[in-house]
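# Breakdown of the fold
Here is what each chain is made of, one letter per residue.
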Amino acid sequence: MIFKSAHYCIFVQNKSGMNTTEQVEKILADTNLSTELQNIAHKVLNGERITFDEGVHLYEHAELGYLGVLANYIREKKHGDKTYFNRNFHLEPTNLCVYDCKFCSYSRLIKQKEEGWALTMEQMLDIVKKYDGEPVTEVHIVGGVLPQYDVAFYSALFTAIKQHRPDLHVKALTPVEYHYIFKKAKIDYATGMRLMKEAGLESIPGGGAEIFHPEIREQIAKDKCTGQQWLDIHEEWHKLGMRSNATMLYGHIEKYWHRVDHMEKLRELQDRTGGFQTFIPLKFRNQHNQMSNVPESSVIEDLRNYAIARIYMDNFDHIKAYWAMISRETAQLSLNYGVDDIDGTLDDTTKIYSMAGAEEQTPAMSTKELVNLIKQVGRKAIERDTLYNVVTDFENVVFEEEKKPQYYKLPVVN
Ligand code: SF4
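For clarity, every value in this text was computed on a predicted model and none was experimentally measured. (Residues numbered from 1 in each chain as written. Predicted model: local features only at pLDDT ≥ 70, side-chain atom pairs only at ≥ 80, totals over all residues. Heavy atoms only, no water.)

Within the protein chain, the secondary structure is distributed over 16 helices and 13 strands. Taken across its 414 residues, the protein chain has 59% of its residues classed as buried. In the protein chain, of all internal contacts separated by at least 6 residues, the share reaching a separation of at least 24 is 76%. Summed over its atoms, the accessible surface of the protein chain is roughly 17200 Å², and 51% of this surface lies on carbon and sulfur atoms. (Helix = DSSP H or I, 4+ residues; strand = E, 2+ residues; numbered from the N terminus. Buried < 20%, exposed > 50% of the residue type's maximum accessible area, 1.4 Å probe, protein only. Contact = heavy atoms within 4.5 Å. Areas by Shrake-Rupley, 256 points an atom, 1.4 Å probe, with all protein chains shown as cover.)

Have a look at this one:
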């Protein structure tokens, strides 16, 4: 019920004829609003940055309707009604992993090899070739960490993909893999990232960030790269003039201040480099992992979190929602709470969300479906490439008869 009434509240505001500035002013005219929340609303209206303590205050005290108005004000100031998506496919080399993150539903320890897969170079290139002639602009490569996937292997993979299809943007691996393979190769981060760039890497996705603060990270993701190492690798990548994304895994054992601490560290790095494009809050899902006893966050909390992220991360251009992880309906709602990007036209090529218990067990959505999803809630659908160049503005596009979507099955190592 709260969910419906909160959504209705935003819906009515949009239909009331008030622009987003008038909506914030209406909030400020509310005599019941606390001084702290009034000050934050003033800051948002004036384009000023909110502090760490104000971020925590929002999590602890702000209601969804208030947060939605402020986040939507910022979203529309930056992007109007534009909602971005890209056409990509995922390439997941392996789900075997030397690490044992407690929240991970995806990986299989090497001793559980019979439940996993590990693709060869040839198999990976075969998957890339299946998309020949398809209008995808990006391959997103991420998976488990195994010793055989080292600097030489990934360099050869990136180079082979670019040689086969130069127009396909290679977005690959996270600091978790990079830290591991560079350490094994005994090279520093700066050298390693330069080698990856020379091999064909074009951007880094946001994964592996989880929660940076060691108090939480050591409980849920012990042994893999630390929060500081994650930030250092992105910083080296940005120094090369390259772009990346950032995530935050929320809604498990962390406190609100850990989330703000996480966002603060990203905001600080972004002030120095400007290399981040998108911030992606990732909802913790509790199926088939070692944290199944931890309840999941509610949809209300998910929307509050998107909105606070939009308010706090003032130097990030984009806030993205993974529809495959939070459901199509929540993704639609999130467009009123600060989100301006919905990832992506996945072609059933990732198992990461479905294995964690997401509603979408075969996460495929055609371009037509995704465009309609965005248009249904009154936003404009813009296909972008990885670097947010506009590929197609779908405002006036009329779709032809849909082609049957392609699927491929991941091989299983026995
Ligand atoms: S989250 Fe990543 S690093 Fe951790 S166990 Fe899963 S695949 Fe391995």
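So that's the structure; there's more coming.
It is worth spelling out helix 7 (residues 151–164) at this point. For helix 7, spanning 14 residues, the distance from its first C-alpha to its last is 20 Å, which sits close to the expected 20 Å at 1.5 Å a residue. Along helix 7, the positions that sit buried rather than exposed are Val151, Phe153, Tyr154, Ser155, Leu157, Phe158, Ala160, Ile161 and Lys162. On its buried side, helix 7 packs onto strand 2 (88–91), helix 6 (121–130), strand 5 (138–141), strand 6 (169–172), helix 8 (175–184) and helix 9 (189–199). (Expected span 1.5 Å × (residues − 1).)

Turning our eyes to something else, we now look at the site of the ligand. Cys97, Tyr99, Cys101, Phe103, Cys104, Ser107, Gly144, Val176 and Lys224 make up every residue found near the ligand. Of the residues contributing to the shell around the ligand, the split by class is six nonpolar, two polar and one charged. (Near = heavy atom within 4 Å. Nonpolar A, V, L, I, M, F, W, Y, C, P; charged D, E, K, R; others polar.)

Relative to each other, helix 5 (residues 64–79) and helix 13 (residues 299–312) sit at 45°, their axes nearing to 8 Å. One way to sum up the angle between helix 5 and helix 13 is to call them oblique. The two elements helix 5 and helix 13 meet at a crossing, and its hand is left-handed. Along its contact with helix 5, which presents Leu64, Leu67, Leu70, Ala71, Ile74, Arg75 and Lys78, the element helix 13 presents Ile300, Leu303, Arg304, Ala307, Ile308, Arg310 and Ile311. Here the residues of the contact of helix 5 with helix 13 sort into 10 nonpolar, no polar and four charged. (Axes fitted to C-alpha atoms, helices over the stretch in contact; angles between N-to-C directions. Parallel < 35°, antiparallel > 145°, perpendicular 65-115°, else oblique. Left-handed = near helix turned anticlockwise from the far one by under 90°.)

Here we come to the pattern of salt bridges. Taken as a whole and judged by the stated rule, the model has 24 salt bridges. Two residues, arginine 49 and aspartate 314, come together in a salt bridge whose shortest N-O distance is 2.9 Å. Of this pair, arginine 49 sits in the loop between helix 3 (35–45) and helix 4 (52–61) while aspartate 314 is found in the loop between helix 13 and strand 10 (318–322), placing the two residues 265 residues apart along the sequence. Exposure remark for arginine 49: the relative accessible area of 31% places this residue in the partly exposed category. Given the relative accessible area of 28%, aspartate 314 is considered partly exposed. Among the ionic pairs, glutamate 198 bridges to arginine 194, the shortest N-O distance being 3.3 Å. With glutamate 198 and arginine 194 both in helix 9 and four residues apart, this pair spans about one turn of that helix. (Salt bridge = Lys/Arg side-chain N within 4 Å of Asp/Glu carboxyl O.)

What follows deals with the pairing of strand 9 (residues 276–283). Of all eight residues in strand 9, eight are buried, a share of seventy percent or more. When strand 8 (residues 243–250) meets strand 9, the two strands line up parallel, connected through six bridges. Bridging from a neighbouring strand, threonine 247 pairs with isoleucine 280 of strand 9. Between the parallel elements strand 8 and strand 9, the chain passes through helix 12 (residues 256–273) in a crossover that is right-handed. Of the strand pairs in this sheet, strand 9 and strand 10 are connected by two bridges, and their pairing is parallel. Residue pairing in the sheet places threonine 278 in a bridge with histidine 318 of strand 10. (Pairing = 2+ DSSP bridges. Right-handed = clockwise from strand over helix to strand, strands pointing away.)

Quick look at helix 12 now. End to end, helix 12 covers 26 Å across 18 residues, agreeing with the expected 26 Å (1.5 Å per residue, within 8%). Among the residues of helix 12, those classed as buried are His258, Arg259, Val260, Asp261, His262, Met263, Glu264, Leu266, Arg267, Leu269 and Gln270. Glycine 274 sits one or two residues past helix 12 and shows a positive phi near 65°.

Below, the discussion takes up unusual backbone geometry. Positive phi is not limited to glycine here, since histidine 288 has a value of about 55°. Mapped onto the fold, histidine 288 is located in the loop between strand 9 and helix 13. In this structure histidine 288 comes out as exposed when scored by relative accessible area, which is 60%. Here the phi dihedral of tyrosine 388 falls at roughly 70°; this positive angle occurs in a residue that is not glycine. Position of tyrosine 388 relative to the elements: it lies in the loop between strand 12 (380–384) and strand 13 (390–393).

Further remarks concern the environment of threonine 392. If you trace the backbone, threonine 392 turns up in strand 13. The spacing of threonine 392 and isoleucine 382 is 10 residues in sequence and 6.0 Å in space, taken between C-alpha atoms. Not counting residues within four places of it along the chain, the set of residues in contact with threonine 392 comprises Ala381, Ile382, Glu383 and Val397.

Turning to the nonpolar core, a few remarks are in order. Of all hydrophobic cores here, the largest spans 122 residues; its most connected members are Tyr66, Phe158 and Tyr178. Here the element with the most residues in this core is helix 5; it accounts for eight residues. (Core = buried A, V, L, I, M, F, W, Y, C linked by side-chain atoms within 4.5 Å.)

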